[in-house]
Amino acid sequence: MRIKYNPEGNLGLFAKHRTASALWLVLLLVASGAAFRTDKPASPIATIPTKEQVGALNLPADIAPVKAAFTMPLFKKPSFPNYALSITERGAQSGAKVTKEIQATIDEVNRHGGGTVIVPAGKWNTGRISLKSNVNLRLDAGAELYFSGEVEDYRPAVFTRNEGVEVMSLGACIYANGQENIAVTGKGKLIGPAQGGSVRKQVMEGDVVENIIPATKPVAERVYEGYNGSPIFLPMFISPINCKKVYIEGISLENTAFWNIVPVYCDGVIIRGVTVNSVGIPRGDGIDVESSRNVLIEYTTLSCGDDCFTIKAGRGEDGLRVNKPTENVVIRYCLAREGHGGITCGSETAGMIRNLYVHDCVFDNTGVGIRFKTRRPRGGGGENLTYERIRMNLKNAAFNWDMLGSKTYVGDLANRLPARPLNPLTPRYANITAKDIIVENASQFVKVEAIPEMPLTNVVLENLVVNANKLFSAADVQGFTIRNATIHTQDAHITLLDTRKVLFDRVQFTVPGNALLTDVSGEKSANIQFKDCTPQKPQGWRSSTWSK
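Residues numbered from 1 in each chain as written. Predicted model: local features only at pLDDT ≥ 70, side-chain atom pairs only at ≥ 80, totals over all residues. Heavy atoms only, no water.

- In the annotation of an unreviewed UniProt entry, the protein is listed under the name Polygalacturonase and assigned to Hymenobacter cavernae.
- As recorded by UniProt, the Sequence similarities (unreviewed entry) comment attached to the protein reads in full: "Belongs to the glycosyl hydrolase 28 family." (UniProt positions renumbered as here; feature names shortened; annotations may be inferred.)

Laid out in structure tokens, this is it:
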């Protein structure tokens, strides 16, 4: 089924059956009340966009008003003084290293009171460049900016944050600190540090960052700039830090060394019409919003070597020291084509993630769809997280909560038991809503691995059409509702461990043998209900035991 998509809600509907899966979805849509008739409004399920209708290729000229359950500013395009200067006017020559010429042009435009720095068509080689207030760095069509693979081109060390911990290191290929009203725009392309250079050879490896940098060590002494072959923290691609009014539009990014676009401690960020390709690059996240607020991401296409759209807020004790949340973030009309997760919260969440609204997006060929990660020693978590009108075609689970992690990174804290005493680093996720969701394919519908000392709390999934291999498994949950859903799975098992207040309300299960199978265990499991479902209840359901 293909739907001609209008974000304001005026839909033209026409069928295009491509696969047996698509036909199955049409039948389920009809069964769930989404029959395509002209004499009645389209159902919420029918308004979910397809991959052809979102992403960078559909970028409109203007920014539509943001509608969210929380207060957001009026987002608008930035304005810059009518002053423009090409890097060629300051001596830049295509094919040569032009770091000094680009930086000199940025500095001059900044001193002039602001304007536009033009990178014209051609191939340009550079090291780290730093944006300044009131400067728009514009890459014209045909411009390709190649960033050096050598550590020396990113010195001296600058203040930055790496995986949620503050350090002095290489920063980012395009860096800014404490600036206001800055932009990177145009139809040109950024190409990350070359393979085989010292940047990639000297990367810090062998342990997690909190074990490398003691939380008690002053930030000014956390210096890693790679002299004599010593290790460095990889540079991000574009990372403004402590900035206000950040605007990124239209550009393409390829071959990053690390995370691609990473606003840190920023207020007022707009990212739109951007295309990222980092497939095959470990830790090649697409966009990581870190301890920032008032952020709009729209009409962006990400193909990534790690998570695609990622929300973070600091890591462990250092994240608690900084204590800056990520809050008031809207992601809309975006396409995740490949990556570990379509939209991921965590795993660095020490300052908390609040007020996230993701709507009208498509995750096509990603691993997990909607993903939540924390770890016991990393703190924080998330609350008031909302997802609406999402289409997913996945390799792994549609909804996944992973609050334990791996022993490789957190040792015995990855063991579910024993329950640990509550402390400032105990993470939590609560108050999460997802509605109007189509899962075309997934390995599992819902998978929850929470922690017994702080269960996952108050999750509501409603208006769903799901096709998956496995059904539902959850450990350590308090409050989980699935309402008004049609679920087709190859496995009929619902597995619950120390899980309570679970409600399946008006759910049509299509499972082998038309019979649900349950495995409920744990002393805390209670109040598990099936209301107006088909089949009505699992085989051998002991309502007196589980519907307390």
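1. Points about the overall build of the protein
Stage number 1. In terms of regular secondary structure, the protein is built from 7 helices and 36 strands.
Stage number 2. At 24 Å, the protein has a C-alpha radius of gyration in line with the 24 Å of a compact globule built from 548 residues.
Stage number 3. Structurally, the protein occupies a C-alpha span of about 80 × 60 × 40 Å along its principal axes.
Stage number 4. For the protein, the proportion of its 548 residues judged to be buried stands at 60%.
Stage number 5. Counted over contacts in the protein with a minimum sequence separation of 6, partners at least 24 positions apart contribute 73%.
Stage number 6. In the structure as shown, the protein presents an accessible area of about 21000 Å², 48% of it carried by carbon and sulfur atoms.
Stage number 7. Averaged over its 62 positive side-chain charges, the protein has a centre that lies 3 Å from the centre of its 53 negative ones. (Helix = DSSP H or I, 4+ residues; strand = E, 2+ residues; numbered from the N terminus. Rg over C-alpha atoms; globule rule 2.2 N^0.38 Å. Buried < 20%, exposed > 50% of the residue type's maximum accessible area, 1.4 Å probe, protein only. Contact = heavy atoms within 4.5 Å. Areas by Shrake-Rupley, 256 points an atom, 1.4 Å probe, with all protein chains shown as cover. Lys, Arg positive; Asp, Glu negative; His and termini not counted. Charge placed at Lys NZ, Arg CZ, Asp CG, Glu CD.)

2. Concerning the packing of aromatic side chains
Stage number 1. Within this structure, the stated rule accounts for 13 aromatic pairs.
Stage number 2. Between F147 and F237 the ring centres are 5.9 Å apart and the planes differ by 85°, which places this aromatic pair in the edge-to-face class. Taken together, the positions of F147 in strand 8 (residues 143–147) and F237 in strand 14 (residues 236–241) put the pair 90 residues apart, joining distant regions of the chain.
Stage number 3. Given the relative accessible area of 3%, F147 is considered buried.
Stage number 4. When the ring of F372 is compared with that of Y387, the centres are 5.9 Å apart and the planes differ by 90°; the resulting orientation is edge-to-face. (Phe/Tyr/Trp six-rings, centres within 6.5 Å; stacked < 30°, edge-to-face > 60°.)

3. Things to note about the nonpolar core
Generally speaking, a soluble globular protein has its nonpolar side chains buried in company with each other.
Stage number 1. In terms of nonpolar packing, the biggest core is built from 130 residues, with I331, Y387, F399, W401, F445, F480 and I482 touching the most fellow members.
Stage number 2. For this core, the element with the most residues is strand 33 (residues 470–489), which contributes 8 residues.
Stage number 3. Not counting chain neighbours up to four residues away, the residues in contact with W401 comprise F372, Y429, I432, V446, K447, V448, E449, L456, V459 and F480. (Core = buried A, V, L, I, M, F, W, Y, C linked by side-chain atoms within 4.5 Å.)

4. Points about helix 2 (residues 99–111)
Stage number 1. For helix 2, which comprises 13 residues, the first-to-last C-alpha distance of 18 Å matches the rise-based estimate of 18 Å (1.5 Å per residue) to within 8%.
Stage number 2. Regarding helix 2, the residues found buried are T99, I102, Q103, T105, I106, D107 and V109.
Stage number 3. Buried-residue contacts for helix 2 involve strand 3 (84–86), strand 4 (115–119), strand 5 (122–126), strand 6 (129–130), strand 7 (135–139) and strand 8.
Stage number 4. At the C-terminal side of helix 2, G113 shows a positive phi close to 105°. (Expected span 1.5 Å × (residues − 1).)

5. Looking at unusual backbone geometry
Note: most peptide bonds trans; most residues except glycine with negative phi.
Stage number 1. The step from G346 to S347 runs through a cis peptide bond, and the omega angle for that step is 5°.
Stage number 2. Note on placement: S347 falls in the loop between strand 25 (341–345) and strand 26 (349–366).
Stage number 3. Cis geometry is found at the peptide bond from L417 to P418, where omega equals 5°.
Stage number 4. One non-glycine residue with positive phi stands out, namely E163, at about 50°.
Stage number 5. Residue placement: E163 occurs in the loop between strand 9 (158–162) and strand 10 (165–169).
Stage number 6. What makes E163 buried here is its relative accessible area of 16%.

6. Quick notes on the sheet that holds strand 6
Stage number 1. Read across the sheet, 3 strands follow the order 6-11-14 without closing on themselves; strand pairing throughout is parallel. Taken across any chain shown, the strands that pair with only one partner, and hence form the sheet edges, are strand 6 and strand 14.
Stage number 2. Pairing geometry for strand 11 (residues 172–177) and strand 14, over 5 bridges, is parallel. Paired with I174 across the bridge in strand 14 is I238. (Pairing = 2+ DSSP bridges.)

7. Describing the environment of Q529
Stage number 1. When you line up the elements, Q529 lands in strand 36 (residues 526–531).
Stage number 2. Of note is the side chain of Q529, whose polar atom sits 2.7 Å from the side chain of N527. (Polar contact = N/O pair within 3.5 Å; in protein donor to acceptor, adjacent residues only side chain to side chain.)

8. Comments concerning the side chain of N328
Stage number 1. Along the chain, the position of N328 falls in strand 23 (residues 326–332).
Stage number 2. Judged by its relative accessible area of 7%, N328 is buried.
Stage number 3. Within the local environment of N328, its side chain forms a polar contact with the side chain of N355, the two groups lying 3.0 Å apart.
Stage number 4. Beyond its immediate chain neighbours, meaning those up to four positions away, N328 contacts F70, T71, M72, R293, N294, V295, R354 and N355.

9. Describing the confidence of the model for the protein
Stage number 1. Counting all residues, the mean pLDDT for the protein is 92, and 91% of those residues have values of 70 or more.
Stage number 2. In the model, residues 7–24 has pLDDT below 50 throughout and makes 33 contacts with residues more than four positions away in sequence or in other chains.
Stage number 3. For the stretch residues 29–41, pLDDT sits under 50, and the model shows 14 contacts to residues farther than four places along the chain or on other chains. (pLDDT = per-residue confidence, 0-100.)

10. Considerations on the pattern of salt bridges
Stage number 1. Scanning all chains against the criterion turns up 36 salt bridges.
Stage number 2. K132 is the salt-bridge partner of D107, the closest N and O atoms lying 2.9 Å from each other. With D107 in helix 2 and K132 in the loop between strand 6 and strand 7, the pair connects residues that are 25 residues apart, well separated along the chain.
Stage number 3. Relative accessible area serves as the criterion here: at 24%, K132 is assigned to the partly exposed category.
Stage number 4. The closest approach of N and O atoms between D307 and R371, which form a salt bridge, is 2.8 Å. (Salt bridge = Lys/Arg side-chain N within 4 Å of Asp/Glu carboxyl O.)

11. Description of the side chain of R420
Stage number 1. With respect to the secondary-structure elements, R420 resides in the loop between helix 6 (407–410) and strand 30 (428–441).
Stage number 2. One buried charged residue, R420, remains without a salt bridge, the closest side chain of opposite sign being E453 at 5.7 Å.
Stage number 3. Polar side-chain contacts of R420 include one of 2.9 Å to the backbone oxygen of D412.

12. Concerning the pairing of strand 30
Stage number 1. In the sheet, strand 28 (residues 380–394) pairs with strand 30 via 11 bridges, with the strands oriented parallel. Across the sheet, residue Y387 finds its bridge partner in strand 30, namely A434.

13. Topic: the state of the cysteines
Stage number 1. Under the counting rule described, the total for this entry stands at 0 disulfides.
Stage number 2. C173 forms no disulfide, and the closest cysteine sulfur to it belongs to C304, at a distance of 16 Å.
Stage number 3. The buried category is assigned to C173, whose relative accessible area is 1%.
Stage number 4. We note that C345 lacks a disulfide partner, and the nearest cysteine sulfur, in C361, lies 13 Å from it.
Stage number 5. The buried category is assigned to C345, whose relative accessible area is 0%. (Disulfide = S-S within 2.5 Å.)

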